[in-house]
Amino acid sequence: MSEAKPPRRATGGRPARTGDAHPVEHQTEPLAVEELEAAAAADSTADRDELLARLAALEAENARLRAAPAAAPATAPVAVVAPPRRRRWGRSTTAVVLILLGALLAPIAVVSAWAQGLVDDTDRWVATVGPLSDDTTIQAAVTNRITDAIVDAVNVEQLAADATGAVADLGLPPLVSSAVESLQGPLVNAATDFIRRGVTNVVTSDAFSTAWVEANRTAHAQLVAVLQGDPDAIASIDADGTLSVKLTTVIDAVKDTLVERGFTIVERLPSIDATFPLVQSSDLVKLQTGYRLLHALGTWLPWLSILLLAGGVIAAQRRSRALVVAGLSLAVAMLVLGLGLTIGRSVYASSLPDTIQRHDAALVVYDQAVSLLRIALRSGLVLGLVVAAVAFLVGGTVAARSLRSSWSRATAAARGAGDRRGVSTGPVGEFLYQQRTLLRVVVIAIAALVIVLADPITPPLVFWTAVVAGAVLLLLSLLARPGAPVVEPDEKTVAV
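First, a word on scope: everything that follows refers to the structure included in this document. These numbers come from a predicted model, not from an experiment. (Residues numbered from 1 in each chain as written. Predicted model: local features only at pLDDT ≥ 70, side-chain atom pairs only at ≥ 80, totals over all residues. Heavy atoms only, no water.)

Enumeration over the complete set of coordinates arrives at three aromatic pairs. Aromatic side chains Phe208 and Trp212 sit 5.8 Å apart centroid to centroid with 45° between the ring planes, which places their arrangement in the tilted category. With Phe208 and Trp212 both in helix 8 (residues 206–227) and four residues apart, the pair spans about one turn of that helix. For the pair Phe208 and Trp212, one class covers both residues: buried. Ring centres of Tyr348 and Tyr366 lie 5.1 Å apart, and the angle between their planes is 25°; this geometry places the pair in the stacked category. Of the two residues, Tyr348 is situated in helix 12 (residues 319–350) and Tyr366 in helix 13 (residues 359–369); the sequence distance between them amounts to 18 residues. Since its relative accessible area comes to 10%, Tyr348 is described here as buried. When its relative accessible area of 14% is taken as the criterion, Tyr366 is described as buried. Residue placement shows Arg436 over the ring face of Tyr433; its charged tip is 4.1 Å from the ring centre. (Phe/Tyr/Trp six-rings, centres within 6.5 Å; stacked < 30°, edge-to-face > 60°. Helix = DSSP H or I, 4+ residues; strand = E, 2+ residues; numbered from the N terminus. Buried < 20%, exposed > 50% of the residue type's maximum accessible area, 1.4 Å probe, protein only. Lys NZ or Arg CZ within 6 Å of the ring centre and 35° of its normal.)

Spelled out as structure tokens, the structure:
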């Protein structure tokens, strides 16, 4: 038992007395309040001490964690990191070499495929040379060539000389005979102009376009024979490398027109042999000797270039970045090819022989001959840029992640707005979300097949295929919706 404490002063500073009324109440109430205050102070001190102890423990733990990396042995990172660095160097080198080889082969592959297509595909050949019949420069050149051929075959100058000589020998007065003989030049010019007008009417008519297309379609079968050296081919390659097409069909149509107009002398003419040069290049002679090589290169080089580019992407550690590099490399290779065609046009114009009367017509033929090649290289340029853009969007750069995050937030906001209005894709959206990877692969594969199987591949085809595929992927991501999250039961709730 504790010792009795001396009586305390009552409130107001008056000491308690024995004779006061209710002595217990005057002492009990002040005593209970002070004991409660003392107990509360003791509890507050205990809580503060506990909190300080916890804070000290946490600070000690943080200090230990910060000191842990510094305490690791210095040789450990060297032993672990060194082998992967060597592997990264080897894979990166392999990727760079493969992508570089694929990009360097791409222009050669495009040119080989273009040349092989002109040789093997009749429709492509007709599509290349057919429009030449509607070009005014080509029409003028063909008109001149056919007119000269007919004038030479008729021998208009000799015919005019014979006519004026016969008239002059009729015993006319000398003055009249001299006047008749002076008509020889005007007669030649008149006959030449008459023939030229007849040729022009035929060449500028629809009949010439039809005859030109059909003649080239028929001659295409002979082109392979030319490359194989068949002497019976309609077309022919001269020793200097000039590829010419015979104009026999057109000349026959001109002769019929001249006969109808009264110039019947052409009926007695033998067959007139006139040709029109399509391409002049010494490389055609080399091409004639390498037909089989051309066929092999045109068939396999494009695939080899694609496989090299794909192999470089697969070998790289950061494949999205490597795919960007591969796409840009392909685009740059096509730009180099386009520059080469421009330079080649100037070289071709300067190397034309003197036998080519119309250099402007030769350049028109050159431009038309490489028109499909230009379409092919533009398609490769657009394809490379599209691949690079897609690879950038799916890559791990900060910009790409930011774009994807922005789109995810936008689709989530759209789904939330639809849910608030009672519009939802429901189970279909959940299925699309579950199968999103498979659906993306299917869409990309279909787009790739459309581009690969198209004939010919054109820049609008590549561009719009990429746009449609991208729109489908964005629509799928908008329609897809994650399933409702599964709520795990709370252990405390189960326990209660």
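Here we take up a nonpolar patch on the surface. Among the surface-exposed residues, Trp300, Trp303, Ile306, Leu449, Val452 and Leu453 lie close enough to one another that they form a single nonpolar patch of about 710 Å² accessible area. Elements represented by at least two residues in the nonpolar patch include exactly helix 11 (291–315) and helix 17 (436–453). Structurally, the position occupied by Trp303 is in helix 11. (Patch = residues over 30% accessible without salt bridge, like charges linked within 9 Å, V, L, I, M, F, W, Y side chains within 5 Å. Areas by Shrake-Rupley, 256 points an atom, 1.4 Å probe, with all protein chains shown as cover. Salt bridge = Lys/Arg side-chain N within 4 Å of Asp/Glu carboxyl O.)

Along the chain, the position of Thr143 falls in helix 4 (residues 136–154). The exposure class assigned to Thr143 is buried, which follows from its relative accessible area of 8%. Setting aside chain neighbours within four positions, we find Thr143 in contact with Arg196, Val199, Thr200 and Val203. (Contact = heavy atoms within 4.5 Å.)

For the structure shown, the criterion picks out two salt bridges. A salt bridge links Asp367 to Arg345, with the nearest nitrogen and oxygen atoms 2.8 Å apart. Taken together, the residues span a long stretch of sequence, with Asp367 in helix 13 and Arg345 in helix 12 at a distance of 22 residues. Since its relative accessible area comes to 30%, Arg345 is described here as partly exposed. We note a salt bridge from Asp419 to Arg481, for which the minimum N-O separation is 3.1 Å. In this pair, Asp419 sits in helix 15 (residues 398–420) while Arg481 sits in the loop between helix 18 (459–479) and helix 19 (491–495), placing the two residues 62 residues apart along the sequence.

The next point concerns the nonpolar core. One recurring pattern in soluble globular proteins: nonpolar side chains tend to sit buried together. Formed by 53 residues in total, the largest nonpolar core has its most connected members in Val142, Ile146, Ile150, Ile195, Val254 and Phe276. Ranked by residue count, the leading element in this core is helix 4, at eight residues. If we skip the residues at most four places from it in the chain, Val142 touches Val203, Phe208, Leu247 and Phe276. Among the nonpolar cores identified, the runner-up in size contains eight residues, and Ile99, Leu309, Val313 and Ala326 belong to it. (Core = buried A, V, L, I, M, F, W, Y, C linked by side-chain atoms within 4.5 Å.)

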